[in-house]
Amino acid sequence: MNLAIRWFHEEDDDRRPEPQLLTNSEEETYSQTTTHSPTLSDSQKQSLQIMVKKRVPDWLNSPMWTSAPPKSRSQSPPPPSSSNGDRLHSYACKSSSITSSNSLNEPHVTLPPPASIRPVRTPRTEIRDSSTRSSSSDNDITSSVDDVARQAELLQELSRKIVNIGELRRLASLGIPDAAGIRSTVWKLLLAYLPSDKGLWSSELAKKRSQYKHFKEDLLMNPSEITRKLEDSVYPKNGDQISEGKGLLARSKIPHGEHPLSLGKTSIWNRFFQDSEIIEQIDRDVKRTHPDMPFFSGNSASAEANQESLKNILIIYAKLNPGIRYVQGMNEILAPLFYVLRNDPNEDYAVNAEADTFFCFVELLSGFQDNFCQQLDNSIVGIRSTISKLSQLLKKHDEELWRHLEVTTKVNPHFYAFRWITLLLTQEFNFADSLHIWDALLSDPEGPQGTLLRVCCAMLILVRRRLLAGDFTANLKLLQSYPSTNVSHLLYVANKLSSHSTQ
Amino acid sequence: MVLVLAIGDLHVPHRAPDLPAKFKSMLVPGKIQHIICTGNLCIKEVHDYLKSLCPSLHITRGEYDEDSRYPETKTLTIGQFKLGLCHGHQVVPWGDLDSLAMLQRQLDVDILVSGHTHQFKAYKHEAGVVINPGSATGAYSSITYDVNPSFVLMDIDGLRVVVYVYELIDGEVKVDKIDFKKTSTATI
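### Regarding the overall build of chain B
Right, on to step 1. Regarding its fold elements, chain B presents three helices and eleven strands.
Right, on to step 2. Secondary structure elements in chain B, listed N-terminal to C-terminal, are β-α-β-α-β-β-β-α-β-β-β-β-β-β.
Right, on to step 3. A buried classification covers 60% of the 188 residues belonging to chain B.
Right, on to step 4. Across chain B, the fraction of contacts at a sequence separation of at least 24, relative to all contacts at a separation of at least 6, is 55%.
Right, on to step 5. Entry remark: accessible area of chain B is about 7300 Å², with carbon and sulfur atoms responsible for 52%.

Below you can see the structure in the form of structure tokens.
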């Protein structure tokens, strides 16, 4: 039957697969896409299917693709009626892989052990919920064990005098556990903001922070203050104008022909007014960043301070980079970075988060600057070529899906991948999940783009069943609001794609 | 950093057709936060033009203004400064600094802006500062024909004001500035 399609799904190979309804429609679309002539005999269809089945590499068919480990199913209590229960259970498991109930939306929280949840299973909806919860809790149990081990390894690595960045990258690529609060330090090391030699940290940090302070003073001053400073340096303060009695006020020359209505290109006033447009746009975008998170928005003093910091960083970046200035979307890339660095448990780091984030942001964006430059759109480093790289990657790993998407349903990757790539997947997942994905992206030794493309490819492959069954509208809708999934599973798949890229 | 434009005595269309082109090229919307106008525009079109430069427009009535609804005097607070506005034809003798000082004490303002004489003046006395932006079109006045077009832009920043004087002399725009500070409790 349709064994070929069940690559990344829950079911083991030997189990009876999906309910009848889906099987039929799938078979139809399947044969639509693969048969060349409408009149194909059954045996020919069979052989075609077998052929296609052979094309699936063995490693993709292995049971390790199930997101819930197999042993959990053996532990589950027998359902009320065997065939019904099978159907319900398998249907429930499939629904957990494709669409998740709310339980998967929360960041990884260690749930109570499965045994306590499972007895509550009689009504159907509850079965679905509890089994998804149980599968995710199974995940959490096993992953929390992994987490603890990884956390210990990371802490050990960080405690060394000279941190081995390669080792750190390897550990980080599997995800950094939330509990230890080390994400901020690890990211700073991965982005090469902190040197690997711990002894140099304090001097490096002091140097960078004072550099940022100078940037702020130079670039964020308004022209009145600048002219005042200029004059105070040229004409030293003479006592006063205050104590005079009556008289005509003395007129004085303006320095360098600088006046507020000046239209000269080099005039600080003119540049100020030109920048004010960008500053307004930055202000608008910052106010719209993550409106659901109290860290970023709301009326509290801390939210306002955070927004102020985000604005300062973006304004200084725009002024220092007249080539790209500010492009909408940079605020989305900055937000998780600032969030992580600001929530560093170390007081000193948290207070100086703005300066640190600025340099990390510069480093992160340096690889992606070309995506934001409109003139480079069609060039070899621009966004179009990156999207076509993704397309090629998908073709290499899953030709059938590629063909169905691009040729049959004509879903041009530009429609969905543009946002995925330029915003580094921050908009496709909830905030906590995107932090996990960023762990993997930042840990790539050759820069985040490689891992980013692999994760995008994995995202497509994970929903391939729905994509293959869908037409242009359905597929586009699915990809533009990507359903939430288990992020560790996603990263695992992406990782596998890299190691088997020669196939 | 608040930019306030002080302008007046345009006498359009009776005594002058329009602002000088060089002034018009400099006055673009988006830069100025407030406009205070001493009066004698005289017609609605000039009012609309000034309104397009900046929505916050304050005018007092000059003797030739066609819109009779403008007030005789006006006071407003910008930043730390209190500004008073009056056309000046009401204060006799015209342009007399002592009489203007009396008006300033009456209005209780730090900076009094008044016009009518079509001559730029910036004068300081114990009660405060009097600024006359002159005539922006260079229209003749009841006193003299020899008038240079001029207006004033004030940059109010905390307790400090920088007054930029724009004059059109021999076809060229000349800009000068005047600085003064206010002590926090007393007036200037």
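### Section: the interface of chain A and chain B
Right, on to step 1. In this assembly, 30 residues from chain A lie in contact with 33 residues from chain B.
Right, on to step 2. For the chain A and chain B pair, buried surface summed over both sides reaches about 3000 Å², with 59% attributable to carbon and sulfur atoms.
Right, on to step 3. The largest share of the area that chain A buries against chain B comes from Leu249, Arg251 and Leu261 of chain A, three residues that together contribute 26% of it.
Right, on to step 4. Connecting chain A to chain B are zero salt bridges.

### Some thoughts on the side chain of Thr357 of chain A
Right, on to step 1. On the secondary structure map, Thr357 of chain A appears in helix α16 (residues 353-372).
Right, on to step 2. Excluding residues within four positions of it along the chain, Thr357 of chain A makes contact with Ile313, Leu334, Leu337, Phe338 and Leu341 of chain A.

### A few points about the packing of helix α13 (residues 301-320) of chain A against α16 of chain A
All names here are of chain A.
Right, on to step 1. Running from N to C, α13 and α16 cross one another at 50 degrees; their axes reach a closest spacing of 10 Å. Comparing the axis directions of α13 and α16 gives the class oblique. Read as a crossing pair, α13 and α16 show a hand that is right-handed. Contacts between α13 and α16 involve Ser309, Asn312, Ile313, Leu314, Ile316, Tyr317 and Leu320 from the first element and Glu354, Thr357, Phe358, Phe361, Val362, Leu365 and Gln369 from the second.

### Observations regarding the sheet that holds strand β6 (residues 111-114) of chain B
Right, on to step 1. Overall, mixed pairing links the six strands, which are arranged β1(A)-β7(B)-β8(B)-β6(B)-β5(B)-β4(B) in an open sheet. Each end of this open sheet is capped by a strand with a single partner; those strands are β1 (247-248) of chain A together with β4 (73-78) of chain B.
Right, on to step 2. Pairing between β1 of chain A and strand β7 (residues 120-125) of chain B: two bridges, direction antiparallel. In the sheet register, Leu248 of chain A faces β7 of chain B, and the bridge partner there is Tyr123 of chain B.
Right, on to step 3. Set on the sheet, helix α3 (residues 97-107) of chain B makes contact with β4, β5 (81-86), β6, β7 and β8 (128-133) of chain B; between it and β6 of chain B the angle comes to about 125 degrees.

### Some details on helix α19 (residues 414-422) of chain A
Residues and elements named next belong to chain A.
Right, on to step 1. Among the residues making up α19, those that are buried are Tyr416, Ala417, Trp420, Ile421 and Thr422.
Right, on to step 2. Those residues of α19 hidden inside the fold are in contact with α14 (330-342), α16, α17 (383-397), α18 (399-408), α21 (448-462) and α23 (472-480).
Right, on to step 3. After α19 finishes, the residue Leu424 shows a positive phi value of roughly 50 degrees.

### Concerning the pattern of salt bridges
Residues and elements named next belong to chain A.
Right, on to step 1. For the structure shown, the criterion picks out 27 salt bridges over all chains.
Right, on to step 2. With a shortest N-O distance of 3.0 Å, Arg209 and Asp356 are connected by a salt bridge. Taken together, the residues Arg209 in helix α10 (residues 201-219) and Asp356 in helix α16 connect sequence positions 147 residues apart.
Right, on to step 3. Classification of Arg209 as buried rests on a relative accessible area of 13%.
Right, on to step 4. Taking relative accessible area as the criterion, Asp356 reaches 0% and is therefore assigned buried.
Right, on to step 5. The salt bridge partner of Lys311 is Glu308, with a shortest N-O separation of 3.9 Å. Of this pair, Lys311 and Glu308 both sit in helix α13, three residues apart, which is roughly one turn of the helix.

### What to know about a nonpolar patch on the surface
Residues and elements named next belong to chain B.
Right, on to step 1. On the surface, Val92, Trp94 and Ile143 cluster together into a nonpolar patch covering about 330 Å² of accessible area.
Right, on to step 2. For Trp94, the location among the structural elements is in the loop between β5 and α3.
Right, on to step 3. Assessed through its relative accessible area of 41%, Trp94 is described here as partly exposed.

### Some details on the confidence of the model for chain B
Do not read the predicted coordinates in detail wherever pLDDT is low.
Right, on to step 1. In this model, chain B carries an average pLDDT of 89, and 97% of its residues clear a pLDDT of 70 or more.
Right, on to step 2. Model confidence for the complex: the whole-complex pTM is 0.66, and ipTM, which rates the interface, is 0.80.

### With respect to the packing of aromatic side chains
Residue and element names in this part refer to chain A.
Right, on to step 1. Throughout the structure, instances matching the rule amount to 21 aromatic pairs over all chains.
Right, on to step 2. Judged by centre distance (4.8 Å) and plane angle (85 degrees), the ring pair of Phe295 and Phe296 falls under edge-to-face. Phe296 matches Phe295 in its accessibility class, with the two residues each being buried.
Right, on to step 3. Ring centres of Tyr416 and Trp420 lie 5.1 Å apart, and the angle between their planes is 55 degrees; on these two criteria the pair is classed as tilted. Of this pair, Tyr416 and Trp420 both sit in helix α19, four residues apart, which is roughly one turn of the helix.
Right, on to step 4. Within the aromatic cluster, the residues linked to one another by ring pairs are Tyr193, Tyr212, Phe215, Phe358 and Phe359.
Right, on to step 5. One cation-aromatic arrangement involves Lys208 over Phe359; the distance from NZ or CZ to the ring centre is 5.4 Å.

### Quick notes on the sheet that holds strand β9 (residues 150-157) of chain B
Hydrogen bonds along the backbone pair up the strands of a sheet, which may run parallel or antiparallel.
Right, on to step 1. Strand order in the open sheet formed by seven strands is β2(A)-β11(B)-β10(B)-β9(B)-β1(B)-β2(B)-β3(B), and the pairing between neighbours is mixed. The open sheet has two free edges, formed respectively by β2 (252-253) of chain A together with β3 (57-59) of chain B, since each of these has just one partner strand.
Right, on to step 2. Taken together, the five bridges between strand β1 (residues 2-7) of chain B and β9 of chain B define a ladder with antiparallel strand orientation. Bridge assignment links Leu3 of chain B to a residue of β9 of chain B, and that residue is Asp155 of chain B.
Right, on to step 3. Across the sheet, helix α2 (residues 44-53) of chain B is in contact with β1, β2 (34-37) and β3 of chain B; its angle to β3 of chain B comes to roughly 145 degrees.

### Things to note about α17 of chain A
All names here are of chain A.
Right, on to step 1. Here α17 spans 21 Å end to end across 15 residues, near enough to the 21 Å set by a 1.5 Å rise per residue.
Right, on to step 2. Those residues of α17 that fall on the buried side of the exposure criterion are Ile383, Ser385, Thr386, Ile387, Leu390, Ser391, Leu393, Leu394 and His397.
Right, on to step 3. The elements touched by buried residues of α17 are α16, α18, α19, α21 and α24 (487-499).

### As for the pairing of strand β11 (residues 172-181) of chain B
Right, on to step 1. Sheet topology places β2 of chain A next to β11 of chain B; two bridges connect them, and they run antiparallel. Opposite Ser252 of chain A, over in β11 of chain B, you have Lys177 of chain B as the bridge partner.
Right, on to step 2. As judged from the ten bridges shared by strand β10 (residues 160-169) of chain B and β11 of chain B, these two strands associate in the antiparallel manner. Bridging across to β11 of chain B, Val162 of chain B finds its partner in Asp179 of chain B.
Right, on to step 3. Where β10 of chain B folds back on β11 of chain B, the antiparallel hairpin that results is connected by two residues, among which Asp170 of chain B adopts a positive phi of roughly 55 degrees.

### A word on the side chain of Asn475 of chain A
All names here are of chain A.
Right, on to step 1. Tracing the backbone through its elements, the reader meets Asn475 in helix α23.
Right, on to step 2. Judged by relative accessible area, Asn475 falls into the buried class, the value being 1%.
Right, on to step 3. The contact partners of Asn475, leaving out residues within four places of it in the chain, are His404, Leu405, Thr409, Val411, Arg466, Leu467 and Gly470.

Conventions adopted
- Residues numbered from 1 in each chain as written.
- Chains lettered and ligands numbered in written order.
- Predicted model: local features only at pLDDT ≥ 70, side-chain atom pairs only at ≥ 80, totals over all residues.
- Heavy atoms only, no water.
- Helix = DSSP H or I, 4+ residues; strand = E, 2+ residues; numbered from the N terminus.
- Buried < 20%, exposed > 50% of the residue type's maximum accessible area, 1.4 Å probe, protein only.
- Contact = heavy atoms within 4.5 Å.
- Areas by Shrake-Rupley, 256 points an atom, 1.4 Å probe, with all protein chains shown as cover.
- Buried area = accessible area lost by both parts, 1.4 Å probe.
- Salt bridge = Lys/Arg side-chain N within 4 Å of Asp/Glu carboxyl O.
- Axes fitted to C-alpha atoms, helices over the stretch in contact; angles between N-to-C directions.
- Parallel < 35°, antiparallel > 145°, perpendicular 65-115°, else oblique.
- Left-handed = near helix turned anticlockwise from the far one by under 90°.
- Pairing = 2+ DSSP bridges.
- Patch = residues over 30% accessible without salt bridge, like charges linked within 9 Å, V, L, I, M, F, W, Y side chains within 5 Å.
- pLDDT = per-residue confidence, 0-100.
- Phe/Tyr/Trp six-rings, centres within 6.5 Å; stacked < 30°, edge-to-face > 60°.
- Lys NZ or Arg CZ within 6 Å of the ring centre and 35° of its normal.
- Expected span 1.5 Å × (residues − 1).

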